[in-house]
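One-letter residues, chain by chain:
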Amino acid sequence: MDRKIHSALISVFYKDGLEPIVRKLNEQGVTIYSTGGTQSFIEELGIPCTSVESVTGYPSILGGRVKTLHPKVFGGILARRDLEADQNHIKEYEIPLLDLVVVDLYPFEETVKQTTDEKAIVEKVDIGGVSLIRAAGKNFKDVCIVASRDQYGELLELLTTKNGITTLTDRKHYAAAAFAECAHYDVAIAEYFNRDAKQKQFQLSFGHKQSLRYGENPHQHASFYGDLDELFEKLNGKELSYNNLVDVDAACQIISEFKDPAFAIIKHTNVCGVAVRDNVTHAWEAALAGDPESAFGGVLVTNQTITADVASKINELFFEILLAPGYDEDALAILKGKKNRILLLQKKDFYPVKEYKRILNGILVQDADTQNFAQWKEAGARPATEAEKADLLFANIVCKHLKSNAIAIIKDKQLIGKGCGQTSRIDALRMALDKSKQFGFSLNGAVLASDAFFPFDDCVRMSKEAGINAVIQPGGSVRDADSIKYCQENDMVMVITEVRHFKH
């Protein structure tokens, strides 16, 4: 059933975008009710406004905590227009009917991001707003609820094109959005209060829905929920795809591990090239040299500003995305030559705190893998030299960012061979050795990292035969002694970290 808007309750935190709506309502002869700052805002526009206090007979009390929580407000929202008993109560208690409710919520999430002051945060837990939204949403057959400033443009169009008349479809659409707004808000509050508690429910909510061209494959529909603008500014290129986002996530995680100038190349979430050098150009050259074949069509990431010098070298390669914390103007001029090439300015480092994964009919939740080693136990024939130690530390980090089973071979803080996603560790090692040989690297002086223990001594034997004399692994195999013994008898360094880095 169509409903003409004759009256509206407006009480919002954010006033931007509100003025044209208020003016249109006034133009259409709608009686406007309001409170506090919103009432002042409307009156300053020269538009008549009835205070809620004049309807309820009560002022705003408790420092503004109680303003609209009153039967004369909620009665006007919840009254069913086609129910005689409800309408009799409306007449008996002189309750004004409300056809439109425009209410948003206190900025709870924004406050949590800005301060740790619990008092300030708790004051942003909205009571009246949520109650008004739920009431109007419940009575969508008669009342239209707008619960977010994101819908102001849509509401203004409706008022203009339909002359203030809403259909049942319109009102149900707005109600659905309103309940989603409340749900998201409640999850944010629950998450804050349950930070140190053991929750029995899994609760997580993200707004800012962005429809993607498709999912992992063209026949799969996909969307992203989250505020990418918080992390990046897109300077060039097409919209990010599902697979782009997955690789960008992996890129952000590995680059956050390094403080010195670093460059990494990601393909299907695995790092296929990474190096640390004295400047960004040298880091790029070393990262690319590690596997120039796999780099084609990859996602590139650095922790340094992109200069014209490195841009001209990068420009020779076809790649999907480049992430960097800064770009020189002349570098951008070079890189923007291809309109679909995605250039992202990374505003801040990102590394997750928690990891989530759908499994069967539920969700797996775990802490992110932020640890690199629990101890540095030298178990081989000799201690690592300073150069070997630096490379072993680097290798252990790189291996953490490869899919299991994984092996990383490093020389002079450059990935020169990797094996990942294999069903046996020895196969991962064979792949890593083959990669290093494919691009002509000498393994003399190289080191090796494994994401999990060596089940047998075959890995250290094969490593030694290839010229590798230092390995790092978590240990924990029932046959650790076999690998340790071989290293001790063959002048090899073995470091045991006691931290496994499976990644699936």
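## Some remarks on the environment of R213
Here is step 1: By the secondary structure assignment, R213 is in the loop between strand 8 (209-211) and strand 9 (223-225).
Here is step 2: For the pair R213 and A136, spaced 77 residues apart in sequence, the C-alpha to C-alpha distance is 35 Å.
Here is step 3: Apart from the residues within four sequence positions on either side, R213 is in contact with K238, E239 and S241.
Here is step 4: A polar atom in the side chain of R213 sits 2.8 Å from the backbone oxygen of E239.

## A word on helix 5 (residues 84-92)
Here is step 1: Those residues of helix 5 that fall on the buried side of the exposure criterion are D86, Q87 and I90. Along helix 5, the residues classed as buried sweep out an arc of 95° about the axis, all on the same side. Those residues of helix 5 that are exposed and aimed more than 90 degrees away from the buried face are E84, K91 and E92.
Here is step 2: On its buried face, helix 5 sits against helix 4 (71-78).
Here is step 3: The first or second residue beyond helix 5 is E94, which carries a positive phi of 55°.

## Side note on the nonpolar core
Here is step 1: Counting residues in hydrophobic clusters, the biggest one holds 45 residues, and the most contacted among them are F258 and L323.
Here is step 2: In terms of residue count, helix 11 (residues 242-255) provides more of this core than any other element does, seven residues in total.
Here is step 3: Residue contacts for L323: discarding those within four places in its chain leaves F232, V248, A251, C252, V299, L300, V301, T302, L344 and Q346.
Here is step 4: Within the second largest apolar cluster, 29 residues are counted, among which are I121, A175, A188 and Y192.

About the criteria used
Residues numbered from 1 in each chain as written. Predicted model: local features only at pLDDT ≥ 70, side-chain atom pairs only at ≥ 80, totals over all residues. Heavy atoms only, no water. Helix = DSSP H or I, 4+ residues; strand = E, 2+ residues; numbered from the N terminus. Contact = heavy atoms within 4.5 Å. Polar contact = N/O pair within 3.5 Å; in protein donor to acceptor, adjacent residues only side chain to side chain. Buried < 20%, exposed > 50% of the residue type's maximum accessible area, 1.4 Å probe, protein only. Arc of directions from axis to C-beta. Core = buried A, V, L, I, M, F, W, Y, C linked by side-chain atoms within 4.5 Å.

This is a description of form; function is not addressed.
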